[in-house]
Each structure stands twice: as structure tokens, then as C-alpha cells.
Amino acid sequence: MARRGDRLLFAAAVLLFGISSAAAEDAPVNTIQDIFQHLRTCWKPPPPAKARPIDITVVVSFNRAGNILGHPRITYESAEASDSDRLQYRIAVMEALQRCTPVPFTDAMAGAAAGRPFAIQFRNRKTSPPTQERRA
């Protein structure tokens, strides 16, 4: 039987491929830092009424044309996130990727980036959660 988290990830991936939108109009992407900046310009976190702020990381690869290659993978979510929070943020990440692709790579960057995995962090928390200190 599939775990609930796997079903949530599958639902978010389906949204990625089911939503059609135009690529974000932006300057050509010429460096690795530009890739991260370009993708973050499309990030719209869920409103606080829908989900508590969490951090989430997705690993994604692109082809030379700037389209997503394969399937993006969520590799990190804040530990305190509920299933509902995770789903809302996974959807927001997939929507951001959809809004920003194809990435407008320059010719040089297209060759350098094609097929390489990029771990993109989307941070939505203002501060780190408090640490649990143990007293001896």
C-alpha cells in the first residue's frame, strides 16, 4: 500500500504536468546563480491561512531548451510540517516550476546546465524553529 506522503508527492507531480502556462518573461539565464534566482522569482508560497510556513527543497534537471527533464523530486520539507502543509507547499513548488519553464538559458548555459540536477531551496520561514534543549 502506498504511503500517504507518496500519494501527496504524486498529486503534486500530476499538477506540474497538468498545468499549462507561458514561460516567465525574464533576462537570459547565464550562470548557475541566475538559475536559482530565476526560479525563485516564480515562487508564490501558500497563504498562511492555507498552510504554516515551511522550508522545502526540490531537485530538478533541465534539458538544453530549458524544459524540465524527468520528474522533479522533493528532497526536504520542514520536520514539523503537517500532511496538509506539505501538500500545499508541494503544489506551490510545482506551480513555480511550471511558471518559470522553459528557463531562458543562454547558449553557453544551456550546454552547461542540461541534465544536471539542481537542488532549489524555497524558504518561507522568517526564523529557524526553536531548538529543544535538554537539561542534564
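In this text, all values refer to a predicted model and were calculated from it rather than measured experimentally.

Asker: Before we go on, may I ask you to explain the confidence of the model for the protein in this structure?
Answerer: In low-pLDDT segments, the atomic positions of the prediction should not be examined closely. Scored by pLDDT, the protein comes out at a mean of 82, with 72% of its residues at no less than 70. When mean pLDDT is taken per element in the protein, strand β1 (residues 56-62) scores highest with 97 and helix α1 (residues 4-18) scores lowest with 49. In the predicted structure, residues 10-24 sits below a pLDDT of 50 and forms 27 contacts with residues beyond four places in sequence or in another chain.

Asker: Quick question: what am I supposed to make of unusual backbone geometry here?
Answerer: Negative phi characterises most residues that are not glycine, and trans characterises most peptide bonds. Of note, the bond from T101 into P102 is cis; its omega dihedral lies within 30 degrees of zero at 0 degrees. Structurally, P102 can be placed in the loop between α3 (83-100) and α4 (107-113).

Asker: Got a minute to help me understand the state of the cysteines in this structure?
Answerer: One way to say it: the disulfide is the covalent bond shared by the sulfur atoms of two cysteines. Summed over all chains, the structure comprises one disulfide. Disulfide partner of C42: C100, at an S-S distance of 1.7 Å. Here C42 and C100 share a disulfide; its torsion about the S-S bond, 90 degrees, makes the bridge right-handed. Residue C42 is located in the loop between α2 (32-41) and β1, and its partner C100 is located in helix α3; the two are separated by 58 residues in the primary sequence. For C42, a relative accessible area of 5% gives the class buried.

Asker: Any chance you could explain the nonpolar core here in plain terms?
Answerer: Among soluble globular proteins, nonpolar side chains are generally buried collectively. Among the nonpolar cores identified, the biggest contains 30 residues, and I35, W43, F62, V93, L97, F105 and I120 are the most heavily contacted of them. For this core, the elements supplying multiple residues, two or more each, are α2, β1, β2 (68-77), α3, α4 and β3 (118-122). Here the element with the most residues in this core is α3; it accounts for seven residues. Beyond its immediate stretch of four places on either side in the chain, F105 contacts V29, I35, F62, N63, R64, G66, A110 and A113.

Asker: Any chance you could explain the sheet that holds β2 here in plain terms?
Answerer: Strand-to-strand pairing in sheets goes through backbone hydrogen bonds, with the strands running parallel or antiparallel. What the three strands build is an open sheet, ordered β2-β1-β3; its pairing is antiparallel. Each edge of the sheet is formed by a strand with only one pairing partner; in this case those strands are β2 and β3. Geometrically, the sheet is characterised by an average inter-axis angle of 25 degrees between neighbouring strands, direction not taken into account. For β1 and β2, the ladder comprises six bridges, and the chain directions are antiparallel.

Asker: Explanation requested: the pattern of salt bridges in the structure shown.
Answerer: Two side chains carrying opposite charge are able to pair once their charged atoms lie near each other. In the structure shown here, the tally under the stated rule is three salt bridges. The shortest N-O distance in the salt bridge between E77 and R86 comes to 3.1 Å. For the residue pair E77 and R86, the accessibility class agrees, reading buried in each case. Here R90 and E77 are joined by a salt bridge, their closest N and O atoms 2.6 Å apart. Linking R90 in helix α3 with E77 in strand β2, this pair joins segments that are 13 residues apart in sequence. The same class applies to R90 as to E77, namely buried. Three or more residues are tied together by salt bridges with common partners; here these are E77, R86 and R90.

Quick notes on the rules
- Just so you know, the residues in each chain are numbered from 1, in the order the chain's sequence is written.
- This being a predicted model, a pLDDT of at least 70 is required before a residue's local features are given, and a value of 80 or more before pairs of side-chain atoms are given or counted; all residues contribute to the totals for chains, interfaces and linings.
- Each side-chain value is derived from all of the structure's non-hydrogen atoms; neither hydrogens nor water enter the calculation.
- A residue's pLDDT is simply how confident the predictor is in it, with values from 0 to 100.
- By definition, any uninterrupted DSSP run of H or I lasting at least four residues is a helix, any uninterrupted run of E lasting at least two residues is a strand, and each is numbered from the N terminus.
- Only heavy atoms enter the contact rule, under which two residues are in contact if any of them lie within 4.5 Å.
- Two cysteine sulfur atoms form a disulfide, by the criterion used here, when they sit within 2.5 Å.
- Exposure categories follow from relative accessible area, calculated using a 1.4 Å probe and restricted to protein chains: below 20% of the type maximum is buried, above 50% is exposed, and the middle band is partly exposed.
- Nonpolar cores are built from buried Ala, Val, Leu, Ile, Met, Phe, Trp, Tyr and Cys residues. Side-chain atoms within 4.5 Å join them into one set.
- The pairing criterion is simple: DSSP has to find at least two bridges between the two strands.
- Where helices are involved, their axes are fitted lines through C-alpha atoms of the stretch in contact, as for all axes, and angles between N-to-C directions lie from 0 to 180°.
- By definition here, a salt bridge exists when the distance from a side-chain nitrogen of Lys or Arg to a carboxyl oxygen of Asp or Glu is within 4 Å.

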